[in-house]
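Summary of the model geometry
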Amino acid sequence: MPKHPKTDRTLVIIKPDGVQRSLIGEILGRFEKVGLKIVGMKMAVPTPSHVEKHYNLDPNWKRLVGEKAIQSYIKKGVKPPSDDPLKVGAQVIERLKKYFVSGPVVVIAIEGAHAVPMVRKIVGGTEPLSSDVGTIRGDFVLDSYVMADTDNRAIRNLIHASGSETDAEKELKHWFKKDELISYKLISEQILYDVNMDGLLE
Ligand code: GDP
Ligand code: MG
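Cut-offs and rules
- Residues numbered from 1 in each chain as written.
- Chains lettered and ligands numbered in written order.
- Predicted model: local features only at pLDDT ≥ 70, side-chain atom pairs only at ≥ 80, totals over all residues.
- Heavy atoms only, no water.
- Helix = DSSP H or I, 4+ residues; strand = E, 2+ residues; numbered from the N terminus.
- Rg over C-alpha atoms; globule rule 2.2 N^0.38 Å.
- Contact = heavy atoms within 4.5 Å.
- Areas by Shrake-Rupley, 256 points an atom, 1.4 Å probe, with all protein chains shown as cover.
- Lys, Arg positive; Asp, Glu negative; His and termini not counted.
- Charge placed at Lys NZ, Arg CZ, Asp CG, Glu CD.
- pLDDT = per-residue confidence, 0-100.
- Buried < 20%, exposed > 50% of the residue type's maximum accessible area, 1.4 Å probe, protein only.

**A closer look at the overall build of the protein chain**
Within the protein chain one finds 10 helices and four strands. For the protein chain, the succession of helices and strands along the chain, N to C, is β-α-α-β-α-α-α-β-α-α-α-β-α-α. Computed over the C-alpha atoms, the radius of gyration of the protein chain is 18 Å, within 12% of the 17 Å expected from 2.2 N^0.38 for a compact globule of 202 residues. Dimensions of the protein chain, computed from the C-alpha atoms along their principal axes, are close to 70 × 35 × 35 Å. Across the protein chain, every contact between residues at least 6 apart in sequence was considered, and the portion connecting residues at least 24 apart equals 75%. Of the roughly 11,500 Å² of accessible surface on the protein chain, 57% is carried by carbon and sulfur atoms. Averaging the locations of the 30 positively and 27 negatively charged side chains of the protein chain gives two centres separated by 5 Å.

Okay, here's the thing in structure tokens:
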């Protein structure tokens, strides 16, 4: 039998700017309110090598982000720092390392129906300037590729969220030990997932 979507899990990290902007509660609230369940959570100051490994868990990510960054330089009419996507991708990772280790982050494991795409929908697109209103990145921050690239830094967008189920599985293992994730029931799941909704009336 295929895995039921309600047991899907994903990784969210509130980046140092999210912690500094006092948005931990607001961000957690958005995931809780939609019905998702927090199954692991901790605060940490990551090391640069832990961040580097995180962004290399997907063997293609560095090249893809490099290609994306080169396109955005060209779109702006600026010459990219290199034509090699791997070199530009490596530069993005260097910037991300500085960003992630600048202060504490909150690492969260989230479980619930379609956790990976649900969380990405709530988080919004990578660049806050173009993230939809109503998403976390669209509502609470105002960074852009233009500003980040001008200042040679990573885009400040408050949150990391796994991009696919495969990434989520690897990233959860990278940030949490097995016994740090807790399987438990939430009362609200009776309403969210019960097939017949027949246990309410006395
Ligand atoms: P995400 O999944 O929406 O977080 O986006 P990506 O996985 O493509 O990139 C990871 C993070 O790297 C983003 O959240 C940004 O903080 C940063 N980033 C990605 N692409 C760029 C870029 O082209 N320029 C800059 N300055 N930062 C970037
Ligand atoms: Mg990503």
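**Details of the confidence of the model for the protein chain**
Of all residues in the protein chain, 100% have pLDDT values of 70 or greater, and the mean over the chain is 96. For the protein chain, the element scoring lowest by mean pLDDT is helix H8 (residues 145–150), at 90; strand S3 (residues 105–111) scores highest, at 99.

**Considerations on the environment of Leu158**
Note that Leu158 resides in the loop between H8 and strand S4 (159–161). When the C-alpha positions of Leu158 and Ile27 are compared, they lie 9.3 Å apart, and in sequence the two are 131 residues distant. When near neighbours in sequence (up to four residues on either side) are disregarded, Leu158 contacts Ile13, Ile14, Lys15, Asp17, Gly18, Arg21, Leu23, Tyr99, Ile136, Phe140 and Val141.

**Remarks on the environment of Asn152**
With respect to the element layout, Asn152 can be found in the loop between H8 and S4. Taking the relative accessible area as the measure of exposure, Asn152 reaches 53% and is therefore exposed. Each C-alpha atom, one on Asn152 and one on Tyr184, is 43 Å from the other, the two residues being 32 residues apart in sequence.

**Some thoughts on helix H2 (residues 24–34)**
The α-helix advances 3.6 residues per turn, and as a result positions three or four apart in sequence lie on the same side. For H2, every residue scored as buried is listed here: Ile27, Leu28, Gly29, Arg30 and Phe31. One or two positions beyond H2, positive phi appears at Gly35, with a value near 115°.

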